[in-house]
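Next come the chains, spelled out residue by residue.
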Amino acid sequence: MTILHPVTGSESQTLLDAIGLTKRYGGQVALNAIDFSIAPGELVAVIGENGAGKSTFAKILSGAVRPDAGGLRVHGKPIELNAPRDALRHGISYIPQELAYLPNLTVAENLVVGRWPNRGGLTTRGRIHAEARRIAARFGIELDIGAQIAQLRLAERQLVEIVKALARDVSVIVLDEPTASLTSDESDNLFHVLRGLAQEGVGVIFISHRLDEVFDLADRIVVLRNGDVVANLEAAKATSQEVIAHMLGAAAEEYYERRDRQTRDGTVALALRNWTRIGLPNIVNFTLTLHRGEVLGLFGPRGCGADLIADGLAGRISDFVGEIELAGQARPIFRSTREARAAGLGYVPPERKREGLVMALPVQTNLTLHVLSSVSRFGWINRVRERRIAEEWRDRLQIRLRSVRQPVESLSGGNQQKVLLGSRLLSKPRVLVLNEPTRGVDVGARAEIHRYLRNEADAGAAILWVTSDAEEAVLVSDRLLVMRDGAIVGELSGPAMTQTNALMLATKEAA
Amino acid sequence: MTGIEGSPSPKRVTKLRHALSPAAVLGQASHLLGIGGFYLAIIAYFAFAAPFFFTSTNAVNILSNVSVIGVVAIGQALVLIAGGFDLSVSGLVPLGGVTYTVAINDDLGIPEATAVAILGGVLVGILNGFIITKVGINPLVTTLGMLSITGGLAFTISDGVTIPLENVNAAPLGEEFAGMPLYVWTLITLSVIAFLVLRYTVYGRMLYALGGNREASRLAGMRVDLLTISVYAASGACAAFAGVMIVHQLLAGAPAVGGDAALESITAVILGGASLTGGAGGIPGTMIGVLIIGTIANGLALMQVPTFYQDIATGVLLLLAVTFGQLRVLFGRRTTRVLAGMTAGAGQARARWRRRSGTNS
């Protein structure tokens, strides 16, 4: 049973209530009977770590996902959402992280799409523009009505999306991490618009994992953790320590006992010097050093640029400028994934289905995909040898399966991830770069992956571990670099390496 | 055989039960059986309905008739497995035939004339692959354009008429060996080679990986563009050589023959278990697919059904094959893609049955 904190603001007249919302995915509980309500003109931030249930909550409000139990009320009346159009009909508008717009049409056409102003089925450009201007003016938002969407910056597209939502007599607007790819100026502009909306009486639900902006914007902060509402705080009275403590729960102050890490022999396995790339975010003179026998964590919220560093190391992004030193040798930055692999760099991509594995092919084929030359002679594959290698790695990584010949897609997520990891380890890389290696992996498999990589490091491997999960970052790293907006904002090690410190660094402008 | 390790958690038990359910087991092993059964049903039907169908002479007839499209289908299978498809074969078959005929009539030797024809096919294929990978135009538009170009070239070279082969001895593949024309043996040889390449070589493995997941293949260090170009080149070579085989049959280069190669070869490969998204399919299934098309055409002809009904039949087959593929995806636990596993490891079905009986007993 979830304890509902007293709802601040106008309790008598709520705009939207969620009662006992529950959602399970397989055995995993994404939302555990949560209660939520928002009053007219209120700005509520929903915050939590990755996997806390924020996005599921937003998607239920949008009508895209149906809850397993519980219900929604608008103005006290129960409603049922079977599809996004139902949510729109009840005045709930959802702005997803991935915007859905028609890139080749103009701003005006996008604003009125689906509700074209017409007379007897005929619509004209003039009529569309007039309607679009009317909508934008009503909320005091300036837009170049005639511009093509594809020509706009992301922030402007987002505004178009918001205005489009508002055009539909919206009473509640739900934004899923809208600032993830905005600059701080653009974010400020967005907040300005959102405050204006709140003054008009619209309820704003704002999903985020950035503490500073939450305090900037919200009247109230709802903290989710593992599918439960664990706090419902008035923003003016709350502190960031308090919110972080709620986000992390009991784990917040836990100090992970680390063994004496003397295995690290001080040899530099990999060094990046002055890596620079203009983009989102800008990365300027990024530098790091990774030693043999070390797990170096690179932690930061999504969009902080840590994943770009990993992609750059894998040779997937070729516009980095800077220097690289690998095994004592200075060399240019990799221009292709082939080059990176040839230099002995193993890369575990974040999305195993899209980038890592060939799902329909057998486990054994996936395991040897990177080392085909070692299981073949003159281009002919030695299937006996291949199978023996696959079974050896199945045992090493404790991959649970019936046969190494079954397709990868028939394995559980955790076991798929182990296959992915194995396929990279098989080529015996000098440096292993992991990009979110345990995303979508169950707790048990996650612990096994952590343990295995720990042992690899203790045996002398050099591992760069990129993650946006604070718990994991603190758990696995010998040394932890915290990133924010394209730059390293702090280095933690020893007893100072706690989730609280990591999150504070990652979310505060100056810590 | 690998057993089941460790004590299964409750979650794993359900998973295993699901994986071992008849639907799943049959689904995975069934495609070749299913398509084979379908073929047997067709044979059974015509054996009763069509006069002179069930004779050895007619069997050789069917094989002779499918040998050209079979060779085209081998190349097409490589392309579909690697995640593309090739319409230009419909232009390359006549172009190959016309080129060969003109070359022979210009007093080139058989090997040289064959080489010239195949080289033309390879060049067109490389161009296809280059446009698709480097320019970034999709396979449909690219190969459709190339179809028009190559088909037009065939007519240009032949001045729009069928050119007789002046040297009748330049068609040795029409001779018989062990009761079958040599071009049937050619198809058999080529399909065995393609089967071995797909199943046992690094190259074959890379094609399945490429079609199954291009990005993962790129990250695995494969030259994905080069691989893509290579399958179009192979398909071009197969199509041009199929055109040469027609000349061996007709003793003439006909620019108007072979226009149905794209439709029939794609139908055959899809019937054989390939998916339009790539990563699946194989030569045994493709050959059964080719036989199904040829047998239906033959049976209908023996029943004196007008030939244009055969076109209708082929179109229906294609749509049925794709529909069944979709149904398998919807109901059969994504079994189309599992076919990749079957062709990549043909012992799988056997192993699965063994495993299954082992678990049940």
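Residues numbered from 1 in each chain as written. Chains lettered and ligands numbered in written order. Predicted model: local features only at pLDDT ≥ 70, side-chain atom pairs only at ≥ 80, totals over all residues.

### Quick notes on the sheet that holds strand β11 (residues 268-277) of chain A
All names here are of chain A. Convention followed: Think of it this way: DSSP has to see at least two bridges between two strands before they count as a pair. By the criteria applied, helices consist of DSSP H or I runs no shorter than four residues and strands consist of E runs no shorter than two, each listed in order from the N terminus. Think of each axis as a best-fit line through the C-alpha atoms, taken over the contacting stretch in the case of a helix, with angles from 0 to 180 degrees between the N-to-C directions.
Pairing in this open sheet of four strands is antiparallel, and the strands run β12-β11-β14-β15 from one edge to the other. This sheet does not close on itself; its edge strands, each paired only once, are β12 (283-291) and β15 (329-331). Put simply, the sheet's adjacent strands are angled 10 degrees from each other on average, direction ignored.

### What about the packing of helix α5 (residues 110-135) of chain B against helix α6 (residues 139-157) of chain B?
Residues and elements named next belong to chain B. We count it as follows: Throughout, the term roughly parallel applies to angles under 35 degrees, roughly antiparallel to angles over 145, roughly perpendicular to angles from 65 to 115, and oblique to all others. By convention the crossing between two helices is left-handed if the near helix lies anticlockwise of the far one by an angle smaller than a right angle, and right-handed if it lies clockwise. Here, residues touch in the contact sense if the C-beta positions derived from the backbone fall within 7 Å of one another.
Closest axis-to-axis distance for the α5/α6 pair is 9 Å, and the angle between their directions is 150 degrees. For the element pair α5 / α6, the angle class is roughly antiparallel. In this structure, α5 crosses over α6, and the sense of that crossing is right-handed. Residue-level inspection shows V124, L127, N128, I131 and I132 of α5 in contact with α6, the latter providing P139, T142, T143, M146 and T150.

### Regarding the environment of N285 of chain A
Secondary-structure assignment places N285 of chain A in strand β12. In this view, N285 of chain A contacts N274 and T276 of chain A; residues no more than four positions away in its chain are not counted.

### Some words on the pairing of strand β8 (residues 203-208) of chain A
Residues and elements named next belong to chain A. We apply this condition: Exposure classification rests on a simple neighbour count of other C-beta atoms within 10 Å of a residue's own: a residue reaching 20 or more is buried, one at 12 or fewer is exposed, and one in between is partly exposed. C-beta atoms are placed from the backbone.
Counting buried residues in β8 gives six out of six residues, a clear majority hidden from the surface. Because side chains alternate across β8, one face comprises the buried residues G203, I205 and I207, and the other comprises V204, F206 and S208, equally buried. As defined by bridge partners, strand β3 (residues 43-47) adjoins β8 across five bridges and the pair is classed as parallel. Bridge assignment links V46 to a residue of β8, and that residue is I207. Bridge analysis of strand β7 (residues 172-176) against β8 gives five bridges, and the strand direction is parallel. Bridge pairing in β8 places V174 opposite I205.

### So, the packing of helix α3 (residues 56-81) of chain B against helix α12 (residues 283-302) of chain B
All names here are of chain B. The interhelical angle for the contact between α3 and α12, taken along N-to-C directions, is 135 degrees, at an axis separation of 8 Å. With respect to α12, the axis of α3 lies oblique. Judged by the sense of rotation from one axis to the other, the crossing of α3 with α12 is right-handed. Between α3, through N58, N61, I62, N65, V66, I69, G70, A73, I74 and A77, and α12, the contact on the second element is made entirely by I283, T286, M287, V290, L291, I293, G294, T295, A297 and N298.

### Re the pairing of β3 of chain A
All names here are of chain A. Taking burial as the measure, the five residues of β3 include five buried ones, the bulk of the element. Note: β3 against strand β9 (residues 220-225), four bridges, orientation parallel. Considered in β9, the bridge of V46 is made with V222.

Geometric values such as these leave the question of function open.
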